[in-house]
Amino acid sequence: MTDHPFSVPRYEPQGRPADLLVTQYRDANLPAGQQLALADFANAAALQRALTARLELARCGLRLELRGDESFIWPLQALARGAGLQDDEILLSRVPGSRQVFCVHCARCQPASAAEVLTCAHCGVRLEVRRHFSQRLGAYLGVCADADQPYAEARP
């Protein structure tokens, strides 16, 4: 059995040259024209609009690096793929932080820490976060941690 499940993404170390860096945290070593940093925008939606505009003008072969936590990079990866970039044109550099968890009980995603168990913010079911990652959703799979007590109520 492998220590790294096939569905869990592998991230490359930073440093491979990219034409454009989209980053959760500004990189002081790069000029503003080579990066889009979340801190320079009002919110993530504004950053996504700016990236969309850049990708509409991009030429074939653009190398894009997305750097941040998983909650930050996977929606941008989906946006870049939707704009026509291929997987080998997108470098994902993960930094520790938030991730998305998909609750199979209410079919909603939510931001979460690296904890293996959490309570769904939408339906209240206590979830065990599995080592399965959906690239389409950009989220890990959360399933009921205890079928006998899905809402973690006190036992008699």
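About the criteria used
Residues numbered from 1 in each chain as written. Predicted model: local features only at pLDDT ≥ 70, side-chain atom pairs only at ≥ 80, totals over all residues. Heavy atoms only, no water. Helix = DSSP H or I, 4+ residues; strand = E, 2+ residues; numbered from the N terminus. Buried < 20%, exposed > 50% of the residue type's maximum accessible area, 1.4 Å probe, protein only. Contact = heavy atoms within 4.5 Å. Areas by Shrake-Rupley, 256 points an atom, 1.4 Å probe, with all protein chains shown as cover. Lys, Arg positive; Asp, Glu negative; His and termini not counted. Charge placed at Lys NZ, Arg CZ, Asp CG, Glu CD. Phe/Tyr/Trp six-rings, centres within 6.5 Å; stacked < 30°, edge-to-face > 60°. Salt bridge = Lys/Arg side-chain N within 4 Å of Asp/Glu carboxyl O. Domains from an automatic or database assignment. Pairing = 2+ DSSP bridges. Axes fitted to C-alpha atoms, helices over the stretch in contact; angles between N-to-C directions.

Moving on, we come to the overall build of the protein chain. Tallying secondary structure elements over the protein chain gives two helices and nine strands in all. Projected onto its principal axes, the C-alpha positions of the protein chain cover 65 × 40 × 25 Å. Per-residue burial over the protein chain gives 40% buried out of 156 residues. Nonlocal contacts in the protein chain, meaning residues at least 24 apart in sequence, comprise 51% of its contacts between residues at least 6 apart. In the form shown here, the protein chain has an accessible surface area of approximately 9300 Å², with 52% of it arising from carbon and sulfur atoms. One finds the centroid of the 17 positive side-chain charges in the protein chain at a distance of 2 Å from the centroid of its 17 negative side-chain charges.

The subject of this paragraph is the packing of aromatic side chains. Evaluated as defined, the whole model comprises two aromatic pairs. With centroids separated by 4.8 Å and ring planes inclined at 55°, the aromatic side chains of Trp 74 and Phe 133 adopt a geometry described as tilted. With Trp 74 in helix α2 (residues 70–82) and Phe 133 in strand β8 (residues 126–134), the pair connects residues that are 59 residues apart, well separated along the chain. Since its relative accessible area comes to 3%, Phe 133 is described here as buried. Aromatic side chains Phe 133 and Tyr 140 sit 4.9 Å apart centroid to centroid with 65° between the ring planes, which places their arrangement in the edge-to-face category.

Inspection of every chain in the model, using the stated rule, returns six salt bridges. A salt bridge links Asp 27 to Arg 67, with the nearest nitrogen and oxygen atoms 3.1 Å apart. Here the residue Asp 27 occupies a position in the loop between β1 (20–23) and β2 (35–37), and Arg 67 occupies one in strand β3 (residues 64–68), the gap between them amounting to 40 residues. Residue classification places Asp 27 among the buried positions, given a relative accessible area of 15%. A relative accessible area of 13% means that Arg 67 is categorised as buried. Taken together, the shared-partner salt bridges in this structure form one network comprising Asp 27, Glu 65 and Arg 67.

Okay, unusual backbone geometry next. The residue Ala 107 is not glycine, and still its phi comes out positive at about 60°. Assignment of secondary structure puts Ala 107 in the loop between β5 (99–103) and β6 (108–112).

Domain parsing of the protein chain yields domain 1 (19–94) and domain 2 (99–144). The centre of domain 1, based on its C-alpha atoms, is set 25 Å off from the matching centre of domain 2.

Further remarks concern the sheet that holds strand β7 (residues 117–119). Across the sheet, five strands lie side by side as β6-β5-β9-β8-β7; this open sheet has mixed pairing. Only two strands of the sheet have a single partner each, and these edge strands are β6 and β7. Neighbour-to-neighbour, the strand axes of the sheet open up by a mean angle of 45°, direction not taken into account. Here β5 pairs with strand β9 (residues 139–144) via three bridges, running parallel. Bridge pairing in β9 places Cys 103 opposite Gly 142.

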